[in-house]
Amino acid sequence: MPRNQKTLFDTQREEALNRQAPLAARMRPRTLDEFVGQDHIIGEGKVLRRAISNDALFSIILWGPPGSGKTTLARIIADTTHAHFEQLSAVSAGVADLRRVVKEAQDRLGMFQQRTIVFIDEIHRFNKAQQDAILPYVEDGTIILIGATTENPSFEVNPALRSRARVFVLEALTDDQIGVIVDRALSDTERGLGALNVLLAADARGYLINMSNGDARTALNALEAAALAKPPGVGGKRLITVEDIRDALQSRAVRYDKNGELHYDAISALHKSVRDSDPDAALYWLGRMLDGGEDPLYIARRVVRMAVEDIGLADPQALPLTIAAQQAVHFLGQPEGDLALAQAVVYLAQAPKSNAVYTAYAAALKDVAETRNEPVPLHLRNAPTPLMKGLGYGRGYQYAHDDDDARVDQEHFPPNLQGRRYYEPTGRGFEATVRERLAWRDTRSSDPRASRILGGARSSTDTPQGGTPPAIDPQALAGEEPQISSDDAAEASQVARPPSRRRSK
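We now turn to the structure provided with this report. (Residues numbered from 1 in each chain as written. Predicted model: local features only at pLDDT ≥ 70, side-chain atom pairs only at ≥ 80, totals over all residues. Heavy atoms only, no water.)

**Here's the deal with the overall build of the protein chain**
Right, on to step 1. Check the secondary structure of the protein chain and you find 23 helices and 7 strands.
Right, on to step 2. Every one of the 505 residues in the protein chain was classed for burial, and the buried ones make up 43%.
Right, on to step 3. Across the protein chain, every contact between residues at least 6 apart in sequence was considered, and the portion connecting residues at least 24 apart equals 72%.
Right, on to step 4. On the protein chain, roughly 27,100 Å² of surface is accessible, and the fraction owed to carbon and sulfur atoms is 53%. (Helix = DSSP H or I, 4+ residues; strand = E, 2+ residues; numbered from the N terminus. Buried < 20%, exposed > 50% of the residue type's maximum accessible area, 1.4 Å probe, protein only. Contact = heavy atoms within 4.5 Å. Areas by Shrake-Rupley, 256 points an atom, 1.4 Å probe, with all protein chains shown as cover.)

**Focus on the nonpolar core**
Right, on to step 1. In terms of nonpolar packing, the biggest core is built from 30 residues, with Val182, Leu200, Leu208 and Ile245 touching the most fellow members.
Right, on to step 2. At the level of secondary structure, the elements contributing two or more residues to this core comprise helix 2 (23–26), helix 10 (175–187), strand 6 (198–200), helix 11 (202–212), helix 12 (216–229) and helix 13 (242–249).
Right, on to step 3. Per-element accounting of this core gives the leading share, 7 residues, to helix 12.
Right, on to step 4. Within the second largest apolar cluster, 26 residues are counted, among which are Ala266, Tyr298, Met306 and Ala342. (Core = buried A, V, L, I, M, F, W, Y, C linked by side-chain atoms within 4.5 Å.)

**A few points about the sheet that holds strand 4 (residues 144–149)**
Right, on to step 1. Pairing within the open sheet is parallel, and its 5 strands lie in the order 2-3-4-1-5. At either end of the open sheet lies a strand with only one pairing partner, and these are strand 2 (84–89) and strand 5 (166–169). Along the sheet, successive strands turn relative to each other by an average axial angle of 15 degrees, direction set aside.
Right, on to step 2. Judged from the 4 bridges that link them, strand 1 (residues 60–63) and strand 4 form a sheet pairing that is parallel. Bridging across to strand 4, Trp63 finds its partner in Thr149. (Pairing = 2+ DSSP bridges. Axes fitted to C-alpha atoms, helices over the stretch in contact; angles between N-to-C directions.)

**Details of empty space enclosed by the protein**
Right, on to step 1. For the structure on display, the rule yields 2 cavities of 30 Å³ or more.
Right, on to step 2. Estimated volume of the largest cavity: approximately 40 Å³.
Right, on to step 3. What lines the largest cavity is simply Ala51, Ile52, Asp55, Ala56, Leu57, Ile77, Thr80, Thr81, Arg115 and Ile117.
Right, on to step 4. Looking at the lining of the largest cavity, the elements with two or more residues in it are helix 4 (47–53) and helix 5 (70–80). (1 Å grid on protein atoms, 1.4 Å probe; cavity = no way out; pocket = protein on both sides within 12 Å on 5 of 7 lines; lining within 4 Å. Points joined across faces, edges and corners; volume = space filled by probe spheres on them.)

**Looking at the packing of helix 14 (residues 261–275) against helix 16 (residues 296–311)**
Right, on to step 1. Helix 16 packs onto helix 14 with a crossing angle of 35 degrees between their chain directions and a minimal axis gap of 11 Å. Along this stretch, helix 14 crosses helix 16, giving a crossing that reads as right-handed. Across the interface between the two elements, His263, Ile267, Leu270, His271, Val274 and Arg275 from helix 14 touch Tyr298, Ile299, Arg302, Met306, Glu309 and Asp310 from helix 16.
Right, on to step 2. Residues that form the contact of helix 14 with helix 16 fall into these classes: 6 nonpolar, 2 polar and 4 charged. (Left-handed = near helix turned anticlockwise from the far one by under 90°. Nonpolar A, V, L, I, M, F, W, Y, C, P; charged D, E, K, R; others polar.)

**Considerations on the pairing of strand 1**
Right, on to step 1. Neither face of strand 1 is exposed, since Ile60 and Leu62 on one face and Ile61 and Trp63 on the opposite face are all buried.
Right, on to step 2. The sheet contact formed by strand 1 and strand 5 spans 4 bridges and is parallel. Note on strand 5: the bridge partner recorded for Trp63 is Val169.

**A few points about the environment of Gln113**
Right, on to step 1. Here Gln113 lies in the loop between helix 6 (95–112) and strand 3 (116–121).
Right, on to step 2. Taking the C-alpha atoms as reference, Gln113 lies 9.5 Å from Ala83; in sequence the two are 30 residues apart.

**Some details on unusual backbone geometry**
Right, on to step 1. Looking along the chain, the bond that leaves Gln334 and enters Pro335 is cis, with omega of 5 degrees.
Right, on to step 2. Within the secondary structure, Pro335 is located in the loop between helix 17 (318–332) and helix 18 (336–350).
Right, on to step 3. We note that Gln38 has phi near 60 degrees; this positive angle belongs to a residue other than glycine.
Right, on to step 4. Within the fold, Gln38 resides in the loop between helix 2 and helix 3 (39–42).
Right, on to step 5. Residue class for Gln38 comes out buried when judged on its relative accessible area of 4%.

**What to know about the packing of aromatic side chains**
Right, on to step 1. Within the structure shown, the criterion is met by 4 aromatic pairs.
Right, on to step 2. Plain terms: the ring middles of Phe85 and Phe119 are 6.4 Å apart, the flat faces sit at 25 degrees to each other, and that makes the pair stacked. Of this pair, Phe85 sits in strand 2 while Phe119 sits in strand 3; the two residues are 34 residues apart in sequence, bridging distant segments of the chain.
Right, on to step 3. Given a relative accessible area of 12%, Phe85 falls into the buried group. (Phe/Tyr/Trp six-rings, centres within 6.5 Å; stacked < 30°, edge-to-face > 60°.)

As C-alpha cells, this is what we get:
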C-alpha cells in the first residue's frame, strides 16, 4: 500500500507554505539523521529509533519543553511510515473530529489493512471526555497514537490512556546543539538563509544561543527576523550584531508556566532553598518565578507558609515579617513589592529553623481524628450557673496566677489522652529559651499509663515492648504543594490532616 496519497492541490499548497513558512518550519529535519539532540531516545540502537526505522511504531507520548523537537519527530514519522498519518491539534479538534478519524481508520484497516497513526499536538488541552473518546481505539490497535505535550503527562493525560502509550521525555537542547542548528540555517541555501549572505558575529551567535534558552524555534525565528531586517552592506553581506539579535528577541525565551509543572517545581525549589538556609538559591528561584510572570501574592502566601512551617518559634519574628512582606506586595505592587519578597526569603533563609510546632500540631490532629472524643474534664469547664456548679463544673481547678511561677500541675487532657506530649522545642534560636521555660514538664507528676510523644501522638499500647514510640517522619508531614489546580486543596494536603469526623453544616 503506498504512503499517504497527495493530490496536485496538496502538493501546490505545501510548496507555497514552505516558501512562506518561518525559518524554524522550513529548517525542520526531514530524517532522523538530520535530527539534532535527544540521543537518549532516538540515538543509534534506541528503541524509538528502531521502531521508526522499521515502521513498527507503537503508541507514544512525547513530553518536552517548547522547541525540543516533538512535532519534528512526528513529521519524520509521517514521512517514514507506510501507515496513514493523521494530524490533529487539541486546540481546535473536538470529539466529532476524533470520531471521524477513528471511523476512517477502521475503514482503512478493514479495506486495505493499512494502519493509521494519529498525531495529536498539545494533547494536554484535551479534556477527559475527549481523551476517553480515543482510548478504546488506542487499546484495540485501531489507531496508533502520538501525543505531544509540554505539560507533565502524569497530571494532564488520563491514567488509562497514559498506561496504553509509552512516554518519552525530550530535554531542552544544549547550547552546542542550538549552535549546530543555527549554523545549519546560515549555510543552507535551499531552506535556510544561505542565499541572503548572512554573517553572524561571534558575540551575536553566543548571545542568540544563550537567550534562546534551549528552544530551537526561538533561536531560528529570531535569527530570521534579524536577517530580514538588516539591509545588505558591502558586498551584499548582512552582518548580524548583538544589537540586531537583541532587537529581534526583545526578551529571553522564558521557560516558565505559572499554571504548569514549572510552577510547582519552582516553588518547591524556593521552599527547600529557604529550609536549607541558602539565601542565594532562594533569591534565584524567587527571581525565576517573578520573571516568569508568577503572581507575587501567591509567592507571598507561600513565604508566610515557610515562616510557620520551617522557622516557627525558633524565630518568632519570621511570621510578622512575612506578613509585612505580603502587605507590602499588596500595597506597592510590582516591581517595588518584589523587594519585600526578596527581603523576606533572605530573612527566612538565615533564620534558625524548627518544625517543632508544625509536627506537634499534626500529631495533635492525628489524636483528634483517631481517638475517642472524650468530654472536657470537669475541672476545666466554666460554671456560670448554679446547676453547673452543682454538677462539679470547675471543681478542683487550680488558678495558675496563684502560683509564684504561674505553673500548676493539673491534667488538661481527657482521660484517654493523659500524658500526651506533642511539642518538643529544639535548641535552635528562640526555641532554646522556650525549651528552658518548658523544662518543668519533665518534673511534673505523670500517670503510669502516660506516654511521652516525640513528633507523633501514640498511646503506650502502640509502642513495641522494650522500644520507643516510632516518630512521624517530618518530611512526610512537610510535603510540598501537589500539582493540582486548587491552591486551597494544595495547602490542606500539606498538613497531612486526617479526615475530620465533624459533620459539615
